[in-house]
Amino acid sequence: LEFNGSGGSWSFVDASATSSNNVTITAGTVTAPSTMFTIGGSFQNFGAFSAGVGTTKFTANATGKSIRMGGSSLYNILVDGVDGAWTITDTNATATRDLTILHGTTTLPSGTFTVGGSWTTSGGGFTAATSSTVLLNATTTGKTVDPGISTFGGLNFNSAAGGWTVSQNATSTG
């Protein structure tokens with residue numbers, strides 16, 4: 001699925017939408033569905049993406065997939081592809097709410113990955129460079145951090161109003 005139109009603007013009418021393969025925004029602005037946008041391949045944003053308050057779900061069952069946010073934030077990110085593997089290619093990236101890795105593996109950005117809610121890794125895992133940082137900046141309490149068996153590069157909690165419960169041993173190499 002490709003969106004390509006300088007000055008173009010597209011919005012999903014249905015609350016949920018699914019692409020069984022790659023989604024590429026070459027030019028223009030795309031507004032995501034309000035509930036769930038399921039992507040069965042890579043996500044490449046070279047235009048503008050408005051995630052709203054929905055979840056972007058990655059479901060590929062193959063390795064070699066990539067996520068390029070291109071300066072746009074995603075709201076909730078859900079990685080749920082058995083045997084899938086994604087690399088976030090941006091140096092810095094943001095999930096304004098939660099990140100959940102249920103299946104598959106995700107390579108985090110080489111710079112700062114900001115998450116504004118909970119971090120949950122249950123059946124999958126993530127890889128973080130020693131020089132990378134996960135910045136948790138929730139502005140409310142009741143958030144959780146569960147890295148599963150994965151190790152953070154650096155981990156910073158950066159909100160006086162936020163509150164997190166670390167539910168597994170969290171290890172940082174940075």
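Provided above is the structure to which this section pertains.
Every value quoted in this text rests on a predicted model; they were computed, and no experiment measured them.

All right, on to the pairing of strand E15 (residues 133–136) then. Sheet analysis places strand E12 (residues 112–115) next to E15, joined by four bridges and oriented parallel. Following the sheet pairing, Thr 112 is matched in E15 by Thr 133.

Summarising the element assignment, Thr 55 is placed in strand E7 (residues 55–58). A relative accessible area of 16% places Thr 55 in the buried class. The contact partners of Thr 55, leaving out residues within four places of it in the chain, are Thr 35, Met 36, Phe 37, Asn 76 and Leu 78.

Phi is positive for Asp 83, close to 70°, though the residue is something other than glycine. On the secondary structure map, Asp 83 appears in strand E9 (residues 76–88).

Grouped together as the largest cluster of nonpolar side chains are 37 residues, with contacts concentrated most on Phe 43, Phe 49, Phe 58, Met 69, Ile 77, Phe 113 and Trp 119. At the level of elements, strand E3 (23–31), strand E4 (36–39), E9, strand E10 (93–95), strand E11 (99–107), E12 and E15 are the ones that each hand at least two residues to this core. Here this core takes four residues from E9, the largest share from any one element.

About the cut-offs
Residues numbered from 1 in each chain as written. Predicted model: local features only at pLDDT ≥ 70, side-chain atom pairs only at ≥ 80, totals over all residues. Heavy atoms only, no water. Pairing = 2+ DSSP bridges. Helix = DSSP H or I, 4+ residues; strand = E, 2+ residues; numbered from the N terminus. Buried < 20%, exposed > 50% of the residue type's maximum accessible area, 1.4 Å probe, protein only. Contact = heavy atoms within 4.5 Å. Core = buried A, V, L, I, M, F, W, Y, C linked by side-chain atoms within 4.5 Å.

Purely spatial values, then, with no claim about function.
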